[in-house]
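Examination of the molecular architecture
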Amino acid sequence: MTTAEAHKDSGIAQDLIVYVFLLILAAIQFVIAYQDISTSQMFERMLVVAIIEAGLALLFFMHLNENRGLRWFVVGFTVAVLLGLQYGWTDAHRLVNGVPWAK
Amino acid sequence: MSQADLSIHGLVSRSTENEIMTAPTFSVPAKKMAMWLFIIADTATFAGCLVAYGFIRTYTPNWPRPFHSITNVALMTFILLTSSLTMLIGVQSARKGDKSGAFRWVAITAVLGVLFAVLHLREWMGMIAEGATLFHNPWGTPLFSSLFFSITGLHLLHVSGGVVALIAVGIRYQGGRYNADDIEITGLYWHFVDLVWMFVVPLVYLLNLSH
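Structural notes, computed from the coordinates.

Thresholds applied
Residues numbered from 1 in each chain as written. Chains lettered and ligands numbered in written order. Predicted model: local features only at pLDDT ≥ 70, side-chain atom pairs only at ≥ 80, totals over all residues. Heavy atoms only, no water. Helix = DSSP H or I, 4+ residues; strand = E, 2+ residues; numbered from the N terminus. Buried < 20%, exposed > 50% of the residue type's maximum accessible area, 1.4 Å probe, protein only. Contact = heavy atoms within 4.5 Å. Areas by Shrake-Rupley, 256 points an atom, 1.4 Å probe, with all protein chains shown as cover. Buried area = accessible area lost by both parts, 1.4 Å probe. Salt bridge = Lys/Arg side-chain N within 4 Å of Asp/Glu carboxyl O. Polar contact = N/O pair within 3.5 Å; in protein donor to acceptor, adjacent residues only side chain to side chain. Nonpolar A, V, L, I, M, F, W, Y, C, P; charged D, E, K, R; others polar. Axes fitted to C-alpha atoms, helices over the stretch in contact; angles between N-to-C directions. Parallel < 35°, antiparallel > 145°, perpendicular 65-115°, else oblique. Phe/Tyr/Trp six-rings, centres within 6.5 Å; stacked < 30°, edge-to-face > 60°. Lys NZ or Arg CZ within 6 Å of the ring centre and 35° of its normal. Core = buried A, V, L, I, M, F, W, Y, C linked by side-chain atoms within 4.5 Å. 1 Å grid on protein atoms, 1.4 Å probe; cavity = no way out; pocket = protein on both sides within 12 Å on 5 of 7 lines; lining within 4 Å. Points joined across faces, edges and corners; volume = space filled by probe spheres on them. Lys, Arg positive; Asp, Glu negative; His and termini not counted.

Our next topic: the overall build of chain A. Scanning chain A from N- to C-terminus turns up 5 helices and 0 strands. Counting from the amino terminus, chain A carries its helices and strands in the arrangement α-α-α-α-α. Scored against the burial criterion, the 103 residues of chain A give a buried share of 32%. The contacts in chain A between residues at least 6 apart in sequence include a share of 49% that link residues at least 24 apart. Approximately 6,100 Å² of chain A is accessible, and the part contributed by carbon and sulfur atoms is 69%.

Take a look at the structure:
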């Protein structure tokens, strides 16, 4: 049996539901873009929606919900990389504004 | 003492040793695991680009907001999301052994990918006609154009590569050289391209929409 055959045969119904949810979430992002809020608030809301979209795509379209070990490996590794990239924010702030905490 | 230790001391049979040595990581076949590792690495690439974009956008005064309409990007998003659905149907057809059905849905996915690329290029041409290039931006800081063309260009490159992969794997699957797993692995890549777009749209397009 191939791994493709080994997958749970959840049928197209589940995929369709996830697809509709993704369309709705994408539409919400477009609605947020027209809200009368600050750029940082807009960014936060859009990012939350994008993360939910990505989670749905990873779990159901890419079938990570069917393999617990792989799920934790992928999510753990990716989150670690993304958190590592955030170090740059402090450095960018230092370059632009100096280092007030060092004075 | 573990089985590996026993193997070293010659206490387990050669067949058991082979089973230990060939046991796939996370019960995932090597080809699929390789695709997941590529996806993780590519996530870091896109995340690096988007985080760098975030730094520059945050610390550049008077960041331009040149987009007036969301019609094109909304249509592109709809097409890419729909292509993920058609890819899923293609994978399910392949699982059932329906070769012509799988090939048909994979081909539809590739066509949607081409349509996405055409819309993307049309948008680029419109911006270039207005004077935007990789090093020049008529609406303000040239950093906007550099980042816009770099990030969307990198994504477009992935879509184009995906279309080529879909066509190649689809043809070889129909010809019997590839199996359902290969269709599924190509599908993983295609869904990843879709997933990246979910972050590119809000950060690069919607946050730069003029009100």
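On we go.
Here we take up the interface of chain B and chain A. Facing 50 residues of chain B, the contacting portion of chain A comprises 50 residues. Considering only the side of chain B, the residues that lose the most area to chain A are B:Trp36, B:Tyr59 and B:Arg95, jointly responsible for 15% of the buried surface there. At the junction of chain B and chain A, the tally comes to 0 salt bridges. Counting across the chain B and chain A interface gives 4 residue pairs in polar contact (both at pLDDT 80 or more). Looking at the side of chain B that touches chain A, the elements that each hand over two or more residues are helix 3 (30-59), helix 4 (71-95) and helix 7 (180-205) of chain B. It is helix 3 of chain B that contributes the most residues to the side of chain B that touches chain A, 16 residues altogether. In terms of residue class, the side of chain B that touches chain A is built from 33 nonpolar, 11 polar and 6 charged.

Here the focus is the packing of helix 3 of chain B against helix 7 of chain B. Between two packed helices, both the angle of their axes relative to each other and the distance between the axes serve to describe the pair. Residues and elements named next belong to chain B. Between helix 3 and helix 7, the shortest axis-to-axis distance is 10 Å and the interhelical angle comes to 10 degrees. Compared by their axis directions, helix 3 and helix 7 come out roughly parallel. Along the contact surface, helix 3 presents Lys31, Lys32, Met35, Trp36, Phe38, Ile39, Asp42, Thr43, Phe46, Leu50 and Tyr53, while helix 7 presents Asp182, Glu184, Ile185, Leu188, Tyr189, Phe192, Val196, Phe199, Leu203 and Val204.

Time to look at the packing of aromatic side chains. Residue and element names in this part refer to chain B. Following the criterion strictly, the structure yields 15 aromatic pairs over all chains and no others. Centre to centre, the rings of tyrosine 53 and tryptophan 63 are 6.1 Å apart; their planes meet at 75 degrees, and the pair counts as edge-to-face. Pair noted here: tyrosine 53 is in helix 3 and tryptophan 63 is in the loop between helix 3 and helix 4, with a separation of 10 residues, a long-range link. Tryptophan 63 shares its class with tyrosine 53; the two are buried. By the ring-pair criterion, three or more aromatic residues cluster together here, those being Tyr53, Trp63, Phe67, Phe116, Trp124, Trp139, Phe144, Phe148, Phe149, Trp197 and Tyr205. Positioned over the ring face of tyrosine 173 is lysine 99, at 5.6 Å from the centre of the ring.

In terms of nonpolar packing, the biggest core is built from 86 residues, with A:Met62, B:Trp36, B:Phe148, B:Ile183, B:Trp197 and B:Tyr205 touching the most fellow members. For this core, the elements supplying multiple residues, two or more each, are helix 2 (11-33), helix 3 (39-61) and helix 4 (68-85) of chain A together with helix 3, helix 4, helix 5 (99-129), helix 6 (142-174) and helix 7 of chain B. If one sorts the elements of this core by residue count, helix 7 of chain B sits on top with 18 residues. Those residues in contact with B:Ile183 that sit more than four places away from it in its chain are B:Met87, B:Gly90, B:Val91, B:Ala94, B:Val106, B:Val169, B:Gly170 and B:Tyr173.

For the rest of this paragraph, the subject is the layout of surface pockets. In this structure, the largest pocket occupies an estimated 1,000 Å³ of space. The set of elements that each furnish at least two residues to the lining of the largest pocket consists of helix 3 and helix 4 of chain A together with helix 3 and helix 7 of chain B. In terms of residue count, the dominant contributor to the lining of the largest pocket is helix 3 of chain B (12 residues). Taken as a whole, the second largest pocket encloses approximately 290 Å³ of empty space. If you go around the second largest pocket, you meet 14 residues; those closest to its centre are B:Phe67, B:Ser69, B:Glu123, B:Met127 and B:Glu130. Only helix 4 and helix 5 of chain B provide two or more residues apiece to the lining of the second largest pocket. Of all the elements, helix 5 of chain B adds the most residues to the lining of the second largest pocket, at 4 residues. Of the residues that constitute the lining of the second largest pocket, the class distribution is 7 nonpolar, 4 polar and 3 charged.

With that settled, the discussion passes to empty space enclosed by the protein. For the structure on display, the rule yields 3 cavities of 30 Å³ or more. Considered as a void within the structure, the largest cavity measures approximately 50 Å³ in volume. Sorting the residues of the lining of the largest cavity by element identifies helix 4 and helix 7 of chain B as the ones contributing at least two each. A per-element tally of the lining of the largest cavity places helix 7 of chain B first, with 4 residues. Looking at side-chain class alone, the lining of the largest cavity contains 5 nonpolar, 3 polar and 1 charged residues. In this structure, the second largest cavity is lined by A:Ala26, A:Gln29, A:Glu53, B:Thr77, B:Trp197, B:Met198 and B:Val201.

Another point: the side chain of A:Asp15. Here A:Asp15 shows up in helix 2. Put simply, A:Asp15 is tucked away with no salt bridge, and the nearest opposite charge, on B:Arg95, sits 6.7 Å away. The residues contacting A:Asp15, other than those within four sequence positions of it, are A:Phe60, A:Phe61, B:Leu85, B:Leu88 and B:Gln92.

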